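Chain residues, written in single-letter form:
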Amino acid sequence: MQNRKKPLVVVTRKLPERVETRMRELFDARLNLDDVPMTQAQLAEAVKTADVLVPTVTDRIDASVLAQSGGNLKLIANFGNGVDNIDVTTALQRGITVTNTPGVLTEDTADMTMALILAVPRRLAEGSQVLTGENEWGGWSPTWMLGHRIWGKRLGIIGMGRIGQAVARRARAFGLQIHYHNRRRVAEQIEEELGATYWESLDQMLARVDIVSINCPHTPATYHLLSARRLKLLRPEAYVVNTARGEVIDENALIRMIAAGEIAGAGLDVFEHEPAVNPRLAKLAREGKVVLLPHMGSATVEGRIDMGEKVIINIKTFMDGHKPPNRILPSML
């Protein structure tokens, strides 16, 4: 690393002003004030000179980018919880530490998940469009715009980490029965607190629940975890909610099954090929069969500031010669 008073920190997107100001105070921070996403070529140029790179979920830090990294780059401090946008294995092989920002988005993402769990069966987006569309509302009717009650239904949570547990706490307050599938069974006291039923077999759980909530990270092991085969296990009256990563679902299969009436609907905050949204999904949304949101699950002022503060702590700790608190270890991949 060159002999500088402050490390050169390249930030790929515009962050909250409070976070950017603190970064400028502590580091030689190169900010993205226009918030225009960096191209792969620009990312490759950035890693040639940066001591620290601060990317976001939309930046693909793959092996080809990392191959351009100079001797200065020692830390990738991801602004986000998931690190599926980074080739972590290659980074670690090149002696580059990778950190993330876990925990700070838990409550915000759980709130959005619960909002979608309510919105899809109760047709909230469809009802809102009645009042904002071209046609005049004809007034209340006892048989019009009927949705489905969620009280007493079974919620199947895929991924019972921080966010999954936060979703379960909210859902239980709404009268949902909690079921879950996870790589490892959670502690007995957590199961008791949530009244949660554990399923070692994801297939068996899917066949029995009314709503599926995806709250697991995207890894090679979870790519298309909800495959066409598994989606067929769901009952026709079931709903799918995803606030995790779009790649966890076989999106084309989900679209086909919703269009065919084999699944009742879906609430999606993430998509398999973001920022592109499949036109067939948009069509289903116009028909009231799905609710679509533009990756808003963690989009709160408080959450973004908390993320930025974690990034700063990781950088500062690392530059002070200590292990940053949110390192990504090989065992976590």
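In this report, we go over the structure that sits alongside the text. (Residues numbered from 1 in each chain as written. Predicted model: local features only at pLDDT ≥ 70, side-chain atom pairs only at ≥ 80, totals over all residues. Heavy atoms only, no water.)

Here we have 7 strands laid out as an open sheet, ordered S8-S7-S6-S9-S10-S11-S12, and parallel in their pairing. Both outer strands of the open sheet, strand S8 (197-198) and strand S12 (290-292), are each paired with one neighbouring strand and no more. The sheet contact formed by strand S11 (residues 265-268) and S12 spans 3 bridges and is parallel. Residue pairing across strands places Ala266 opposite Val290, the latter belonging to S12. Running at roughly 140° to S11, helix H11 (residues 251-259) makes contact with strand S10 (239-242), S11 and S12 of the sheet. On the sheet, helix H12 (residues 279-286) packs against S11 and S12 and is oriented at approximately 115° with respect to S12. (Pairing = 2+ DSSP bridges. Helix = DSSP H or I, 4+ residues; strand = E, 2+ residues; numbered from the N terminus. Contact = heavy atoms within 4.5 Å. Axes fitted to C-alpha atoms, helices over the stretch in contact; angles between N-to-C directions.)

We now examine the packing of aromatic side chains. How two aromatic rings sit relative to each other is set out by the distance from centre to centre and by the angle between their planes. Here the structure, examined in full by the defined rule, presents 1 aromatic pair. Here Tyr180 and Tyr198 contribute two aromatic rings whose centre-to-centre distance is 5.1 Å and whose plane-to-plane angle is 45°, an arrangement assigned as tilted. Taken together, the positions of Tyr180 in strand S7 (residues 177-181) and Tyr198 in strand S8 put the pair 18 residues apart, joining distant regions of the chain. Across the pair, Tyr198 and Tyr180 agree in class, each one buried. (Phe/Tyr/Trp six-rings, centres within 6.5 Å; stacked < 30°, edge-to-face > 60°. Buried < 20%, exposed > 50% of the residue type's maximum accessible area, 1.4 Å probe, protein only.)

Turning next to empty space enclosed by the protein. What the rule picks out here adds up to 1 cavity of 30 Å³ or more. What lines the largest cavity is Asn242, Gly246, Ile249, Glu251, Leu254, Leu268, Val270 and Glu272. Looking at side-chain class alone, the lining of the largest cavity contains 4 nonpolar, 2 polar and 2 charged residues. (1 Å grid on protein atoms, 1.4 Å probe; cavity = no way out; pocket = protein on both sides within 12 Å on 5 of 7 lines; lining within 4 Å. Points joined across faces, edges and corners; volume = space filled by probe spheres on them. Nonpolar A, V, L, I, M, F, W, Y, C, P; charged D, E, K, R; others polar.)

This part takes up the side chain of Asn242. With respect to the helices, strands and loops of the structure, Asn242 is situated in strand S10. A polar contact of 2.9 Å, which involves the side chain of Asn242, links it to the backbone nitrogen of Ala244. Leaving out residues up to four positions away in the same chain, Asn242 has contacts with Ile214, Ile249, Gly267, Leu268, Asp269 and Val270. (Polar contact = N/O pair within 3.5 Å; in protein donor to acceptor, adjacent residues only side chain to side chain.)

Take the pairing of S10 next. Burial along S10 is two-sided: Tyr239 and Val241 facing one way and Val240 and Asn242 facing the other are all buried. The pairing of strand S9 (residues 211-214) with S10 spans 4 bridges and is classified as parallel. Bridge assignment links Ile211 to a residue of S10, and that residue is Tyr239. For S10 and S11, the ladder comprises 4 bridges, and the chain directions are parallel. Within S11, the position partnered with Val241 by the bridge is Gly267.

Limitation: the analysis is restricted to geometry and does not speak to function.
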